[in-house]
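Architecture and fold: a report
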Amino acid sequence: MSSSTTQVHTEALPDYAPVPRSALGPALNEQGYYVGCVERNLCWITDGTYQSAFLTTSDGVVLLDAPPTIGNNIQRAVDEIASDNGVSNRVNYLVYSHHHADHVGASSLFDKDVTRIGHEETRRLLLRDDDPARPPNEETFQDTRTLEIGGERINLAWYGANHTPDNIIIHLPDHDTLMLIDIVNPGWAPVYISNLTEDIPGYIEARQTPSPTRGSTSSAATWAGSAPATT
Ligand SMILES: [Zn+2]
């Protein structure tokens, strides 16, 4: 085996526009997360790739998804916001968008007494998967359900299979925010990379899903202007 030097002629490469700063997402802190508020008491957390959100209420915190890559930083982020606003940091409710481990695999980090809420198919799939990191949701619904927790409204809706058979829309009408996971990915051309989607027609259709309370068409995966959800 002989060693040789490979020459790369970089001058032959074309020029590309630099990646815009806005495409990189917010800067992370030393612990590796960013937390910011979408509107009032609705905040979001990211590790630069995955996202989670939470609502502080008079009945504790409602967490929307618990990605394992954010893990213990979820509670750190909640602590930070709750202490700034003088409200409870206790996570009492956890809403599952769908059963995938990359979005709910940090569920077991939360208290046994937390109430987990999700689609009935999410419960079935989690019972099947029998993963201690993802306790099945005890609370279920079939098509739609409105949660009223600590004076806040959260509308849950299921319009059929798309990314997974159980993927739901989480709509916060009083915060003008809709959360839909794994349907729109920044920088990904739909269909070409369809994100492990099990039902392609449903995946395409989900982008034009009517908003649960407005009856109008919403842009899927809208975080009030922030980066859409990922994988
Ligand atoms: Zn998924």
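Throughout this document, residue positions are counted from 1 along each chain, in the order its sequence is written. The predicted nature of this model means local features are confined to residues of pLDDT at least 70 and side-chain atom pairs, given and counted, to a pLDDT of 80 or more, with totals for whole chains, interfaces and linings taken over all residues.

**A few points about helix H1 (residues 73-85)**
The terminal C-alpha atoms of H1, which comprises 13 residues, lie 18 Å apart, in line with the 18 Å expected from a rise of 1.5 Å per residue. Exposure classification rests on a simple neighbour count of other C-beta atoms within 10 Å of a residue's own: a residue reaching 20 or more is buried, one at 12 or fewer is exposed, and one in between is partly exposed. C-beta atoms are placed from the backbone. The numbering of helices and of strands both runs from the N terminus, where a helix is a DSSP run of H or I of at least 4 residues and a strand a run of E of at least 2. Listed in full, the buried residues belonging to H1 are Asn73, Ile74, Gln75, Ala77, Val78 and Ala82. Against strand S1 (34-39), strand S2 (42-46), strand S3 (51-57), strand S4 (60-64) and strand S5 (91-95) lie the buried residues of H1. Among the residues trailing H1, glycine 86 stands out with phi positive, at a value near 65 degrees. A helix's residues, less one, multiplied by 1.5 Å, set its expected span. A residue pair is marked as a contact if its C-beta atoms, positioned from the backbone, fall within 7 Å.

**Describing the sheet that holds strand S11 (residues 177-180)**
As summarised here, the arrangement of the 4 strands in space is S8-S9-S10-S11, forming an open sheet in which the pairing is antiparallel. Of all the strands in the sheet, the pair left with one neighbour each is strand S8 (144-149) and S11. Neighbouring strand axes in the sheet, compared pairwise and without regard to direction, differ in orientation by 20 degrees on average. Being paired, for any two strands, means DSSP has found at least two bridges between them. In this sheet, strand S9 (residues 152-157) lies alongside S8 in antiparallel orientation, the contact comprising 6 bridges. Of the residues in S9, the one forming a bridge with threonine 144 is alanine 157. Note on method: axes are straight lines fitted to C-alpha atoms, helices fitted across the in-contact stretch only, with angles between N-to-C directions ranging 0 to 180 degrees.

**What to know about the pairing of strand S6 (residues 115-119)**
By the criterion of burial, S6 is predominantly enclosed, with 4 of the 5 residues buried. In this sheet, S6 lies alongside S5 in parallel orientation, the contact comprising 3 bridges. Each residue of the ladder has a partner; that of tyrosine 93, found in S6, is threonine 115. Alignment of S6 against strand S7 (residues 139-141), held across 3 bridges, turns out to be parallel. Along S7, the bridge assignment pairs isoleucine 117 with glutamate 139. The crossover handedness rule: strands pointing away from the viewer, path from first strand over the helix to second strand clockwise, crossover right-handed. With helix H3 (residues 120-129) bridging S6 and the parallel S7, this β-α-β connection has right-handed handedness.

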